[in-house]
Amino acid sequence: METHHLSRYPFLKAASELVRANSVSLDDLLSHPAYEESRRRGKQRVLDALNDLKVGQAPSSADDVTNLLEVLSYPVARVLVSCVADEFLVRRYALAEAKTMNERLETADFDVMIEVAEDLGVSAHLESDMLSMHFCDFLRYTSGLRGKDWKLVNHEMRKGYVLLSKKKFGRVLEQALSERIEMELPLPVTDDIIGAVSKDVAEISEIVAQLREKMRDQDFGEITITKFPPCMKKLTSMAEKGENMPHAGRFAITTFLSTLGMPVDDIVKTFFSSPDFDNSMTVYQVRHITGDGMGKRYSCPECATMRTNGICVDMDDLCRSGRIRHPLGYYRVKTMSSKRRKDEPEKEQKVEAPRPA
Amino acid sequence: MTKEQEFVMRWFREYYSRTAIAGPTKFEQREFGFMYFDKDFVRRHVGFKRPDDLRKYLVSQVPMHVYYSSALYEIPSAPKMDQKGWLGADLVFDLDADHIKGAETMSYAQMLSLVKKDMIKLLDDFLFGDMGFGETDVRLVFSGGRGYHAHISDEKVLKLKSHERSEIVDYVSGTDLDLDAIFPKSVSMVKDYKTHMKAEKAVAMPAEGSGGWKGHARRTTAQLFEELRFMELEEVRARFPNLSRYKDATVLGLQRDLFGDRGGERLGYQLIMENNSLEYVSDRYKEALLDLVKSEVRPRAAAEVDEPVTRDIKRLIRMPSSLHGKTGMRVIEMRRDDLTDFDPLRDAFPGTFPDDPVKVHVKAPVDLLIKGQRISGDGVIEVPTFAAMFLVLRMKAAMVP
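On a predicted model such as this, the values are computed, not experimentally measured, just so you know.

I'm lost on the overall build of chain B in this one. Help?
From N to C terminus, chain B includes 15 helices and 15 strands. Evaluated residue by residue, chain B yields a buried proportion of 53% over its 401 residues. Taking contacts inside chain B between residues at least 6 apart in sequence as the whole, the part at least 24 apart equals 65%. Here chain B has roughly 19000 Å² of accessible surface; of this, 49% comes from carbon and sulfur atoms. Across chain B, 61 positive and 63 negative side-chain charges occur, with their mean positions spaced 3 Å apart.

Mind showing me how you'd approach the overall build of chain A here?
Summing up its helical and strand segments, chain A has 19 helices and four strands in all. When contacts within chain A are restricted to residue pairs at least 6 apart in sequence, those whose partners lie at least 24 apart make up 68%. With an accessible surface of roughly 19100 Å², chain A has 50% of that area assigned to carbon and sulfur atoms.

So what exactly am I meant to see when it comes to the interface of chain B and chain A here?
A common way to express how large an interface is: the accessible area buried when the components associate. Every contact between the two is made by 26 residues of chain B and, on the other side, 21 residues of chain A. It is Lys156, Glu167 and Tyr171 of chain B in chain B that bury the most area against chain A; as a group they hold 30% of the surface buried on that side. The interface formed by chain B and chain A holds five salt bridges in total. One salt bridge in this structure joins Lys151 of chain A and Asp176 of chain B, with 3.8 Å as the shortest N-O distance.

Would you mind going over the confidence of the model for chain A with me for this structure?
Note: predicted coordinates in regions of low pLDDT should not be interpreted at a detailed level. All names here are of chain A. Scored by pLDDT, chain A comes out at a mean of 84, with 87% of its residues at no less than 70. No element of chain A has a lower mean pLDDT than helix H19 (residues 345-352), which averages 39, and none a higher one than strand E4 (residues 161-164), which averages 96. Considering only residues more than four positions removed or in separate chains, one finds that residues 344-357, a stretch of pLDDT under 50, has four contacts.

Help me understand the packing of aromatic side chains in this model?
All names here are of chain B. According to the stated counting rule, one finds 24 aromatic pairs over all chains in the structure shown. When the centroid spacing of 6.3 Å and the interplanar angle of 75° are considered together, the rings of Tyr148 and Phe342 count as edge-to-face. With a gap of 194 residues between them, Tyr148 in strand E8 (residues 147-152) and Phe342 in the loop between helix H13 (336-340) and helix H14 (344-347) connect regions that are remote in the sequence. Accessibility assignment for this pair places Tyr148 and Phe342 in one class, buried.

I tried to follow helix H2 (residues 13-21) of chain A on my own but got confused; where do I start?
Residue and element names in this part refer to chain A. Those residues of H2 lying buried are Ala15, Leu18 and Val19. Viewed end-on, H2 has its buried residues packed into an arc of 100°, placing them on one side of the element. Opposite the buried face of H2, by more than 90 degrees, sit the exposed residues Arg20 and Ala21. Those residues of H2 that are buried are in contact with helix H1 (3-8) and helix H5 (64-84). Two residues or fewer past H2, Ser23 is found with a positive phi of approximately 35°.

Quick question: what am I supposed to make of the side chain of Lys84 of chain B here?
All names here are of chain B. Among the secondary structure elements, Lys84 is positioned in the loop between strand E4 (71-73) and strand E5 (86-89). When its relative accessible area of 0% is taken as the criterion, Lys84 is described as buried. Of note is the side chain of Lys84, whose polar atom sits 2.7 Å from the backbone oxygen of Ala78. Beyond its immediate chain neighbours, meaning those up to four positions away, Lys84 contacts Glu31, His45, Tyr73, Glu74, Ile75, Pro76, Ser77 and Ala78.

I tried to follow the domain arrangement of chain A on my own but got confused; where do I start?
Residue and element names in this part refer to chain A. Parsing chain A into structural domains produces domain 1 (1-84 + 189-215), domain 2 (105-186) and domain 3 (225-339). With twelve residues of domain 1 at the contact, the number on the domain 2 side is 14 residues. For the domain 1 and domain 2 pair, buried surface summed over both sides reaches about 1100 Å², with 56% attributable to carbon and sulfur atoms. Summed over the three residues of domain 1 that lose the most area to domain 2, namely Tyr9, Phe11 and Arg78, the buried surface amounts to 44% of that side. One can count two salt bridges joining domain 1 with domain 2. We note a salt bridge from Arg78 to Glu184, for which the minimum N-O separation is 2.9 Å. At the junction of domain 1 with domain 2, the criterion picks out four residue pairs in polar contact (both at pLDDT 80 or more). Of the residues forming the side of domain 1 that touches domain 2, the biggest block, four residues, is contributed by H5. Across the side of domain 1 that touches domain 2, the residue classes tally to seven nonpolar, two polar and three charged.

Which parts of the structure should I look at to understand the environment of Gly85 of chain B?
All names here are of chain B. Inspection of the secondary structure assignment puts Gly85 in the loop between E4 and E5. Taking the C-alpha atoms as reference points, Gly85 and Ile21, 64 residues apart in sequence, are found 26 Å from one another. Ignoring any residue separated from it by four or fewer positions in sequence, one finds Gly85 in contact with Leu72, Tyr73 and Glu74.

Got a minute to help me understand the pattern of salt bridges in this structure?
Any two side chains of opposite charge can pair, on the condition that their charged atoms come close. Counting across every chain of the model gives 47 salt bridges over all chains. As a salt-bridge pair, Asp119 of chain A and Lys13 of chain A come within 3.8 Å of each other at their nearest N and O atoms. Here Asp119 of chain A, found in helix H7 (residues 110-119), pairs with Lys13 of chain A, found in helix H2; they are 106 residues apart in sequence, far enough to count as distant. Two residues, Lys214 of chain B and Glu156 of chain A, come together in a salt bridge whose shortest N-O distance is 3.6 Å. One end of the pair, Lys214 of chain B, is in helix H7 (residues 212-229); the other, Glu156 of chain A, is in the loop between helix H8 (135-142) and strand E3 (157-158), on a second chain. Several salt bridges share partner residues, and in doing so they unite Lys13, Arg78, Asp119, Arg180 and Glu184 of chain A into one network.

Definitions and limits used
Residues numbered from 1 in each chain as written. Chains lettered and ligands numbered in written order. Predicted model: local features only at pLDDT ≥ 70, side-chain atom pairs only at ≥ 80, totals over all residues. Heavy atoms only, no water. Helix = DSSP H or I, 4+ residues; strand = E, 2+ residues; numbered from the N terminus. Buried < 20%, exposed > 50% of the residue type's maximum accessible area, 1.4 Å probe, protein only. Contact = heavy atoms within 4.5 Å. Areas by Shrake-Rupley, 256 points an atom, 1.4 Å probe, with all protein chains shown as cover. Lys, Arg positive; Asp, Glu negative; His and termini not counted. Charge placed at Lys NZ, Arg CZ, Asp CG, Glu CD. Buried area = accessible area lost by both parts, 1.4 Å probe. Salt bridge = Lys/Arg side-chain N within 4 Å of Asp/Glu carboxyl O. pLDDT = per-residue confidence, 0-100. Phe/Tyr/Trp six-rings, centres within 6.5 Å; stacked < 30°, edge-to-face > 60°. Arc of directions from axis to C-beta. Polar contact = N/O pair within 3.5 Å; in protein donor to acceptor, adjacent residues only side chain to side chain. Domains from an automatic or database assignment. Nonpolar A, V, L, I, M, F, W, Y, C, P; charged D, E, K, R; others polar.

Spelled out as structure tokens, the structure:
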């Protein structure tokens, strides 16, 4: 196997075999001067992931040593992420590795795509210049990708294999790799390992903390019902009036409020006047939906799903503008336009001034 | 216990004591559930170590309905779902007469033959066709009642989650199918008039050998051409209400373009199929053709399966080789070849129900063909035991002492 190829896709099983064949111990990798470059690139992988959602450029070298050092930067990065052991970092790093792979696959040949796919456990075929993958793998990794474009029914399926454009095929693999890395990390680490990389770990932890802070700033700010889309206004008022709400409605309003940052207790209060209000039950349900604690956090349904569930109501001009595909998108647009109004009041006025006939 | 319960349970017990019950694959990982003739509750969360334990249970308890889980569990008998340790679930399809329009007014035999047609579509076009499962991957089962089930235990499907299974339902039922992408339009010519520009759009049609819904759409189109070819205007009107917004002249013009002599060796519809383009119909009629084809693809090609059943990864489903407690028929596992000629009322009553005559009182006149024998009459009638089972269980007939 060409080492250059492995340096581009260091997560491949063949890459870890290369490492094993060169009998590089973890100890050496983390401290021996020979691997200084791997440690530098490994740290860079993580930093780039945090800053740009990428893991940087692989060296374009035909030199086996350079390539091996690049391959080794991958286990270094994984060790660093595992030592920080932060859920947000794991997700972000996994996504960055996956996105970088997808980017590199854009210029790859079909047989490389097939090889990467099989390595990720995706059964893939190449038939008369068409890439395809087994529909079960397709379903597994596209379930988070909503919309007409990703529906199985709108793909050509032959004998169990879904034909895909190169771009879509790469996108599915991105999902597969990202899920795989998220599942694998954090790895168990010993005190010795943590000791060996403590400086880098401290630096990365600091950046993670800053980034989290920054994300909080980008928050939706104080929750204002005037920015709610009509569907959520309706659901809120139903809850307040104590009208009985369909399950899908409770689910939608709960996920919506939770994403806006409303604490569980406040969401529960919203349901106080429901006729079938049962405090402990409501708390339990809200906790479950919002993933309070360590559980899975559900996201707010998009407009299409709201429509399917019959709770998309009173659509207004903004809903119909074609810009809104998600209730949270509506809220974001309203938040942005009210910010703009505050920042540039005159400009806004100009736009809104009626034109002379 | 009523006389009817006594009668029915006697012959159910006889069946279970004389029949080898194979039970599902991965037997010890399945949960079982039961309903009874003589008890009001549903018993579930039951696990058995060996098929023989299940058989003993069936003989001693004589349940009315026997179910097992499509799911595999670490501890199938754990009393709460989250304690069971879900390991995966078969992919299950349920086709039931409930989904058939006008089923209420049909006889049982008519209803079942329609469900069978849908099942054949599901199997041949989707499970064996598009999804590429082999005959041995799919366990095909007559439910003993109003429909058929298909179970797939292939490793690939076991771990699929609910919403992924919903996508499969959407696939076989053509839900959210994007027909515009199947018959794509492209600008073929821009005409420049004095007052305005007009773009002519060419409509393409899926090529021969296309897979998935493209293939289904192509076959539907070919089928439609065959039907339209010899239809009189009135027939077209009656058969295709979707064309009602088009004038008679348009329908006739369309037929002329498709089937009329155009001077060459080939007729219009043949050229369409050969060249994968609707451009052999003049622009005046093209929209009507496209409307018609698009409106027919889904109803003809889709298989209407019961969504919640496929979606549910923890469902209990009727066990093959058990008896259906509302008909007395066996839940029969069969091969695809057997399905073509399968007739439940003829083939599904167990041999352990004897021919011995029994008197029953029917509430309404009956006229049925059961195991090839005509069963008819009103009030008190004398019928073979197997027919009496059906009449008592399904038609609420009463035993006559």
